[in-house]
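Given next are the chains, with one letter for each unit.
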Amino acid sequence: MSNVTKIVAVLLLLIALGLAYLAMRIAMQPPAPPSTAPAVVRSQDAVPTHPVVVAARAIEAGTQVDGAALTVAQWPVMPSGAFAAPADLANAVTRVAIQPGEPVTKFQLARGLANYLQPGERAVAIAVDEIIGASNRIRPGDSVDVFITLERGQEVGGTQARLLQSRVRVLAYGSQSLDGPDADEKAAAQRNGGAAPAPRNAMLAVPVAQVNELLLAARSGRLQLALRAPDDATVPDPALFPARQPVLNARADLNVSQKTLAADDVNRAYAGDSLPQLSGPAPRVEAPVAATKPAPAQRTARGGGGRSVEVVRGGQSEMVSY
């Protein structure tokens, strides 16, 4: 074998040994982790938010809302009756306590008794005391019956007591009201050691056609409020009794539609009520039967002369001869 051949054989052997070593090193290395595809980040649409006025601190019931007690938070939804800016709550008074972070809504604010009236109703105030007001157990939202007591007088035929109005809603009683507590009376109670003043008036929701009779009854008689059960729906039927005549009679030349219009509640209230009509006719009193006086007994004349004289003693008549 020539020298050249030997050199080539050695080179090939060295190359083979190098490849074998490289293969062994590759085989001894741990497997590479599988390649993961880069996460695809999708851009999501931004969730819309709404500015909502919430309480920054606790707000007591019956107090005027201070702007410093409010803040604006971003909510994903707008609560019913909520406000978007603190300026919308200027001079507002709370009717319930509001906790920190709680949204301020119109349902938590005093909104005036006029908003609690039904169509055709009027708010009428009457004087009350512990007796008239069922021991002051009446609360706003209750239903009461209004009774009246009238003493016999020039316009009232006889002393009477009867049901005047039934199922009347109480809007306010003393300092308590459907639209929230009276802030001024609450402050006065705090100054007086927490003792609330005794109720002196009540606000009733009265149909406009019955306002006149309530005013007459309050002025000329004594009212009594009787508390009703909430589920008691019984009421009297005025159609069973004679209708009262108004103070003002409708014109005689009205057509049919005008007569119907004159009989509606507002025009009926305009026509007015009178105390004699409200109290009704005087009760009928049976006249006592006059006792018949027996005829005086006559006695026969005693014997004697031909002359006699009649002597009356204690209702007895006697002929005396002389």
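Above this text you will find the structure in question.
Residues numbered from 1 in each chain as written. Predicted model: local features only at pLDDT ≥ 70, side-chain atom pairs only at ≥ 80, totals over all residues. Heavy atoms only, no water.

### A look at the overall build of the protein
- Check the secondary structure of the protein and you find 6 helices and 11 strands.
- Long-range pairs, those at least 24 residues apart, make up 67% of the contacts in the protein between residues at least 6 apart in sequence.
- Only carbon and sulfur atoms are counted for the fraction: they give 58% of the accessible area of the protein, which is about 22500 Å². (Helix = DSSP H or I, 4+ residues; strand = E, 2+ residues; numbered from the N terminus. Contact = heavy atoms within 4.5 Å. Areas by Shrake-Rupley, 256 points an atom, 1.4 Å probe, with all protein chains shown as cover.)

### Considerations on the layout of surface pockets
- Taken as a whole, the largest pocket spans an internal volume of roughly 900 Å³.
- Contributions of two or more residues to the lining of the largest pocket are made by strand S5 (160-173), helix H5 (265-271) and helix H6 (275-279).
- Considering each element in turn, the lining of the largest pocket owes the most residues, 5 residues, to S5.
- By residue class, the composition of the lining of the largest pocket is 12 nonpolar, 6 polar and 7 charged. (1 Å grid on protein atoms, 1.4 Å probe; cavity = no way out; pocket = protein on both sides within 12 Å on 5 of 7 lines; lining within 4 Å. Points joined across faces, edges and corners; volume = space filled by probe spheres on them. Nonpolar A, V, L, I, M, F, W, Y, C, P; charged D, E, K, R; others polar.)

### Brief notes about the pattern of salt bridges
- For the coordinates displayed, the defined rule picks out 9 salt bridges.
- With a shortest N-O distance of 2.6 Å, Glu-121 and Arg-169 are connected by a salt bridge. With a gap of 48 residues between them, Glu-121 in strand S3 (residues 121-127) and Arg-169 in strand S5 connect regions that are remote in the sequence.
- Under the relative-accessibility criterion, Glu-121 is labelled buried at 15%.
- Assessed through its relative accessible area of 24%, Arg-169 is described here as partly exposed.
- A single salt-bridge network, built from bridges that share partners, covers Glu-213, Arg-244, Arg-268 and Asp-273. (Salt bridge = Lys/Arg side-chain N within 4 Å of Asp/Glu carboxyl O. Buried < 20%, exposed > 50% of the residue type's maximum accessible area, 1.4 Å probe, protein only.)

### Some details on the environment of Glu-155
- With respect to the helices, strands and loops of the structure, Glu-155 is situated in the loop between strand S4 (143-150) and S5.
- Residue Glu-155 is classed as partly exposed on the basis of its relative accessible area, which comes to 47%.
- Separated by 124 residues in the primary sequence, Glu-155 and Ser-279 have C-alpha atoms spaced 8.3 Å apart.
- Ignoring sequence-local partners within four residues, the contact set of Glu-155 consists of Leu-275, Pro-276 and Ser-279.

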